[in-house]
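Read off the chains here:
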Amino acid sequence: MIDQCRAMVASRSEPKPTNSGPTHGIPIFLDQLVETLTFEKASESVRGRAEDGSPRAYASEIGSMAALHGRDLLERGFTLEQVVRDYGDVCQAVTNLAYLKGESIEVDEFRTFNRCLDNAIAGAVTEYAYRQAAIATEDGFEALNSRLGPLAHELRNYLHIASYAVKAIKAGNVGMSGATGAVLDRSLIGMRNLIDRSLAEVRVTAGLPPRLKDVRLADFLGEIAASSSLDPLARECKFVVTPVSEEIWVHVDTEMLAAAVGNLLQNAFKFTERHTEVRLHAHLDGSRVLIDVEDHCGGLATGSTEKLLLPFVQNGQDRSGLGLGLDICRRSVEANNGILRVRDVPGAGCIFTIDLPAQGTAQSAH
């Protein structure tokens, strides 16, 4: 099957495949496919467990290795269409070999096969889009307006990913209900929330009054997390969101608070060290609701904690922007009758905390 895939690529692609190609491409995908099929042949009592050998774990591994494959193909000059067709070649090679050997493929096996292909295509497309956007932006980004530049950059990232996901779906290899469809959905949510966040920043800067309403915190943070789930891929870090009680409610302007939380997460992804994690955590502390954004930036410089929330103050090597983000965060939180604090964890990172008055439980909120 590997030889057939290589032959199909060689018959149409420039540049041509090499014998020393990446070790996390089609051969590794086939190994992971075999492991997934083997697992799903196991007994029902084993199949439902959420352990390292579960279908979710295999799906994660397939997506991660496919992301590396997508990045390598971009670096070697392949187009997005060629990346997607790589996995289409696998499907054709499998069915061709089954026909030649007179083997039948069961419906459940073919369904698993398609799901694995879907996860692999989603991972490869997402990574390819981020890498291509980064390359295209690198030379001209510094010339953009320091406030509009980051906004345009983020919007283009989301738009790139959404466009490539649509291309993959149109090619007929995947459906809207699979992992590629989920990537498209997250990209559109991300664009919507980014625009809402930018408009909220305009309102805060103009000193307009907040539009307060009762909001279930779990729902609010769930949407924030969904729209931010693509950012860790670009920074090669892990994004952890801890469960939030369904009983916690707050009385806030959702646009302004989303702008504050979104800016804190964007800052965390920007400064955290690669291959570490950014954590979003919220809990009830007496009559207060605490929302923590924790990163692994390595810690703050001595004496910088007190000045960090002031306008035009920046910390760290990345100096893109005017340094107004944290000041706008503070003002957004204060408009919601809250307090923004920062705590340094020397040698590890820092924790930004949004402290808000609790509205109570679902019963008291209504």
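In what follows, the accompanying structure is described. (Residues numbered from 1 in each chain as written. Predicted model: local features only at pLDDT ≥ 70, side-chain atom pairs only at ≥ 80, totals over all residues. Heavy atoms only, no water.)

### Some details on the overall build of the chain
In terms of helices and strands, the chain carries 13 helices and seven strands. Taken across its 366 residues, the chain has 43% of its residues classed as buried. Look at the contacts in the chain between residues 6 or more apart in sequence, and 74% of them connect residues 24 or more apart. Summed over all atoms, the accessible surface of the chain reaches about 18400 Å², with 54% contributed by carbon and sulfur. (Helix = DSSP H or I, 4+ residues; strand = E, 2+ residues; numbered from the N terminus. Buried < 20%, exposed > 50% of the residue type's maximum accessible area, 1.4 Å probe, protein only. Contact = heavy atoms within 4.5 Å. Areas by Shrake-Rupley, 256 points an atom, 1.4 Å probe, with all protein chains shown as cover.)

### Overview of helix H2 (residues 26–40)
In an α-helix, one full turn covers 3.6 residues, which means residues spaced three or four apart are oriented alike. In a regular helix each residue adds 1.5 Å, so 15 residues correspond to 21 Å; H2 covers 21 Å between its end C-alpha atoms and thus fits that length. Along H2, the residues that are buried comprise Ile 26, Phe 29, Leu 30, Gln 32, Leu 33, Thr 36, Phe 39 and Glu 40. (Expected span 1.5 Å × (residues − 1).)

### Details of the environment of Glu 277
Structurally, Glu 277 can be placed in strand S4 (residues 277–285). It is 6.5 Å that separates the C-alpha atoms of Glu 277 and Asp 295, two residues lying 18 residues apart in sequence.

### Description of the pattern of salt bridges
Counted according to the given criterion, the structure contains 10 salt bridges. Close ionic contact of Glu 255 with Arg 211 constitutes a salt bridge, the shortest N to O distance being 3.2 Å. A residue pair is termed long-range when its members are at least 10 positions apart, and Glu 255 in helix H11 (residues 254–271) and Arg 211 in the loop between helix H8 (179–206) and strand S1 (213–216) qualify at 44 residues. Its salt-bridge partner being Arg 330, residue Glu 334 comes within 3.2 Å of it at the nearest N-O pair. With Glu 334 and Arg 330 both in helix H12 (residues 325–335) and four residues apart, the pair spans about one turn of that helix. A residue is classified by how much of its surface remains accessible, and Arg 330, at 23% relative accessible area, is partly exposed. Where salt bridges share partners, they join Arg 203, Arg 211, Asp 253 and Glu 255 into one cluster. (Salt bridge = Lys/Arg side-chain N within 4 Å of Asp/Glu carboxyl O.)

### Concerning the nonpolar core
By size, the foremost hydrophobic cluster in this structure holds 42 residues, and its most contacted members are Phe 29, Tyr 87, Val 90, Phe 113, Leu 117 and Ile 121. Of all elements in the fold, only helix H1 (2–10), H2, helix H4 (55–75), helix H5 (80–101), helix H6 (107–138), helix H7 (148–170) and H8 reach the threshold of two or more residues within this core. Once residues lying within four places of it in the same chain are set aside, the contact partners of Phe 113 are Phe 29, Leu 33, Val 90, Cys 91 and Val 94. Counting residues in hydrophobic clusters, the runner-up holds 37 residues, among them Cys 237, Val 244, Leu 257 and Leu 300. (Core = buried A, V, L, I, M, F, W, Y, C linked by side-chain atoms within 4.5 Å.)

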